[in-house]
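# A structural walkthrough
One-letter residues, chain by chain:
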Amino acid sequence: MTDMADIRTPWRATVLTLFPEMFPGPLGVSLAGKALSSGVWSLEARDIREAATDRHRSVDDTPAGGGPGMVLRADVLASAIDAADITPDRPRLLMSPRGRPLTQSRVMELAAGPGPLIVCARFEGVDQRVIEARALEEVSIGDYVLSGGEIAAMAVIDACVRLLPGVMGKLASGAEESFSEGLLEYPQYTRPQEFEGQTIPEVLLSGDHARVAAWRRAEAEALTRARRPDLWRDPLSEQKRPKSPREA
Ligand code: ADE
């Protein structure tokens, strides 16, 4: 009998960009690159400019209402999206600093699906009408502004690809569980036992797995509280909290 996983089409990323030569870039090396060569996933980088219709092949124009910069034209981008001919089950993302912040749980959903179409914008932005007409989901990778969406798209793809079956083996699952529990990673150490006068915490050399696990949990909690109070939810108060009707 054929395993379902064997007949599934590989995860696929379709990127619309004005700089297709930027791809695969860093996605072509290391883990993601090996998985790309071996066919675990596939990548298509399409040039938005191919959808331009005028003699100058222009893709952008000045903002209505005035102001600095240029705006990506709705008609050109809509044609580029339509020409990519993606199936309706594939998410359509638009990388943008004003998007919803990317989370590990959204990454896990994207990795579990057929793979997204990702639009990379340059200039001041994209005509609002195409965002709505093609139902683009705006996604941000953080509260800072890049010069274009390409590096952000690579971050999304990399985060997904490492979760695909066979890419990282058992390595990924542990870390993912810890992040989806909402905690930052505990500190790691390896040989040498002494480095510039600093030693490895004694508990990690004790061989006592229960003590090691408790130490790591406490370190992860302390780090999360200090660095990411926004992520921190006290596990004890969570246990005491009455279940909402949805959870019950
Ligand atoms: N394009 C420019 N800045 C970005 C950001 N922070 N996230 C996603 N796309 C972007």
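As a starting point, this report considers the structure included with it. (Residues numbered from 1 in each chain as written. Predicted model: local features only at pLDDT ≥ 70, side-chain atom pairs only at ≥ 80, totals over all residues. Heavy atoms only, no water.)

## Examining the site of the ligand
Our working rule: Residues are labelled near a given molecule or strand when at least one of their non-hydrogen atoms is within 4 Å of it. Under this definition, polar contacts are N or O atom pairs within 3.5 Å; protein pairs additionally need one hydrogen-donor-capable and one acceptor-capable atom, and for neighbouring residues in sequence, both atoms have to be side-chain atoms. Using a 1.4 Å probe, the Shrake-Rupley method yields the accessible areas, and only the shown protein chains count as cover for residues. Per the convention used, a helix needs a DSSP run of H or I reaching at least four residues, while a strand needs a run of E reaching at least two, with both numbered from the N terminus.
Taken together, Met95, Ser96, Pro97, Val139, Ser140, Ile141, Gly142, Tyr144, Val145, Leu146, Gly148 and Ala152 form the complete shell of residues around the ligand. The backbone of Ile141 places a nitrogen or oxygen atom 3.0 Å from a nitrogen atom of the ligand. A distance of 3.1 Å separates a nitrogen atom of the ligand from a polar backbone atom of Gly142. Bound to the protein, the ligand loses 96% of the 260 Å² it would expose on its own. Among the secondary structure elements, those contributing two or more residues to the shell around the ligand are strand S5 (92-101) and strand S8 (137-140).

## Description of the environment of Ala112
For the record, the criterion: Only protein chains enter the accessibility calculation, which uses a 1.4 Å probe; a residue is then buried when its area is under 20% of its type maximum, exposed when over 50%, and partly exposed in between.
By secondary structure assignment, the location of Ala112 is in helix H4 (residues 104-112). With relative accessibility at 66%, the residue Ala112 sits in the exposed group. Taking the C-alpha atoms as reference points, Ala112 and Leu163, separated by 51 residues in sequence, lie 8.5 Å from one another.

## Topic: the pattern of salt bridges
What counts here: Any Lys or Arg side-chain nitrogen located within 4 Å of an Asp or Glu carboxyl oxygen qualifies as a salt bridge.
Considering all chains together, one arrives at 12 salt bridges under this definition. When the shortest N-O distance is used, the salt bridge between Arg98 and Glu138 registers 2.7 Å. With Arg98 in strand S5 and Glu138 in strand S8, this pair connects stretches of sequence that are 40 residues apart. Between Asp230 and Arg228 there is a salt bridge, with its nearest N and O atoms 2.9 Å apart. Owing to a relative accessible area of 58%, Asp230 belongs among the exposed residues under this scheme.

## Notes on the nonpolar core
If you look at soluble globular proteins, the nonpolar side chains tend to sit buried side by side. The test is simple: Among the buried residues, those of types Ala, Val, Leu, Ile, Met, Phe, Trp, Tyr and Cys that are joined through side-chain atoms within 4.5 Å form a nonpolar core. Pairs of residues are marked as contacts when any of their non-hydrogen atoms sit within 4.5 Å.
Residues Trp11, Trp41, Ile157 and Val161 are the most contacted members of the largest nonpolar core, which totals 27 residues. Elements that contribute at least two residues to this core include exactly strand S1 (11-17), helix H2 (30-37), S5, H4, strand S6 (117-120) and helix H6 (150-161). Here this core gets eight residues from one element, more than from any other, and that element is H6. Filtering out sequence-adjacent residues up to four positions away, Ile157 remains in contact with Trp11, Ala13, Val15, Leu27, Trp41, Leu43 and Ile118. Counting 23 residues, the second-largest nonpolar core is a separate cluster that includes Leu18, Ala74, Ile81 and Ile86.

## Comments concerning the pairing of S6
Here is the rule: For two strands to be treated as a pair, DSSP must find no fewer than two bridges joining them. Here a crossover is taken to be right-handed if, once the strands point away from the viewer, the path from the first strand over the helix to the second is traced clockwise.
With burial as the criterion, each face of S6 is covered, one bearing Leu117 and Val119 and the other bearing Ile118 and Cys120. In the sheet, S1 pairs with S6 via three bridges, with the strands oriented parallel. Looking at the pairing, Leu16 lines up with Val119 of S6. With four bridges joining them, S5 and S6 adopt parallel strand pairing. Across the sheet, residue Met95 finds its bridge partner in S6, namely Cys120. Handedness of the β-α-β unit built from S5, H4 and S6 comes out right-handed.

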